[in-house]
Amino acid sequence: MATHLALLRGINVSGHNMIKMEALKTMLESLGFQNIRTYLQSGNVFVDTEEESASKVGFMIKQEIFKVFGHEVPVIVISQKDLELALSNNPFLKEKDVDPKMLYIVFVASILKKENIHDLKISQFKPDEAVIDENRIFIKYAVGAGKTRLELKYIEKKLNVLGTMRNLNTVTNLLKMYEE
């Protein structure tokens, strides 16, 4: 039995794509997933399944959400190792006096090269900073995620990727849940 973490993008945010967690759990059970656990109301869902392929699990969840709820919701499935690397490889966590509330991680559905950082034209967002590490983009906001133009839609468009963003606190708590 494999445990997968599905990150659903854009549900229950600002009144859009509303899906109650109980309804989501029921839907996932109908697909045969077991031991379903959610974190917050914003689309962080653990499932256990015999299916080893993360991409197949993500596809199944995405298709069923559309069928049951009528929402086109991107789903990125990540492993415990992805979360561990998101914390151990985050260059901003090594900085003295960094405010953890300003740290975010974008998980993308494909592998990026460090050179892709040039495509983001990050210099136009200074003092915000970003670093690419395979299928993660580490971001340190100067003022906050709500007060920047370096946002997920911009990143997806510039890099031609599908992604979902989580703050450092959420990533830390998701890793704790994986370890339970």
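Residues numbered from 1 in each chain as written. Predicted model: local features only at pLDDT ≥ 70, side-chain atom pairs only at ≥ 80, totals over all residues. Heavy atoms only, no water.

1. Observations regarding the packing of helix α3 (residues 80-88) against helix α5 (residues 168-179)
Between two packed helices, both the angle of their axes relative to each other and the distance between the axes serve to describe the pair.
Part 1: At a closest axis distance of 10 Å, the pairing of α3 and α5 adopts a crossing angle of 140°. Between α3 and α5, the crossing angle belongs to the class labelled oblique. In this structure, α3 crosses over α5, and the sense of that crossing is left-handed. Contacts between α3 and α5 pair Gln80, Leu83, Glu84, Ala86 and Leu87 from the former with Leu168, Val171, Thr172, Leu174, Leu175, Tyr178 and Glu179 from the latter.
Part 2: In the contact of α3 with α5, the residues fall into eight nonpolar, two polar and two charged. (Axes fitted to C-alpha atoms, helices over the stretch in contact; angles between N-to-C directions. Helix = DSSP H or I, 4+ residues; strand = E, 2+ residues; numbered from the N terminus. Parallel < 35°, antiparallel > 145°, perpendicular 65-115°, else oblique. Left-handed = near helix turned anticlockwise from the far one by under 90°. Contact = heavy atoms within 4.5 Å. Nonpolar A, V, L, I, M, F, W, Y, C, P; charged D, E, K, R; others polar.)

2. Structural notes on the pattern of salt bridges
Part 1: Applying the stated criterion to the full structure yields eight salt bridges.
Part 2: Between Lys67 and Glu64 there is a salt bridge whose closest N-O contact spans 3.7 Å. Taken together, the residues Lys67 and Glu64, both in helix α2 (residues 54-69) and three residues apart, mark about one turn of the helix.
Part 3: Overall, Glu64 belongs to the buried group, its relative accessible area being 13%.
Part 4: A salt bridge links Asp133 to Arg136, with the shortest nitrogen-to-oxygen separation between them at 3.0 Å.
Part 5: You can call Asp133 buried: its relative accessible area is 12%.
Part 6: What you see here is one network of salt bridges that share partners, running through Asp82, Asp133 and Arg136. (Salt bridge = Lys/Arg side-chain N within 4 Å of Asp/Glu carboxyl O. Buried < 20%, exposed > 50% of the residue type's maximum accessible area, 1.4 Å probe, protein only.)

3. Describing unusual backbone geometry
Part 1: Residue Lys126 is joined to Pro127 through a cis peptide bond whose omega torsion reads 15°.
Part 2: Structurally, Pro127 is set in the loop between β5 (103-108) and β6 (129-133).
Part 3: A positive phi angle is found at Asp97, which is not glycine, with a value near 65°.
Part 4: By secondary structure assignment, the location of Asp97 is in the loop between α3 and β5.
Part 5: Given the relative accessible area of 71%, Asp97 is considered exposed.
Part 6: The phi dihedral of Glu134 falls on the positive side, at around 55°, and the residue is not glycine.
Part 7: Tracing the backbone through its elements, the reader meets Glu134 in the loop between β6 and β7 (136-140).
Part 8: Residue Glu134 is classed as partly exposed on the basis of its relative accessible area of 44%.

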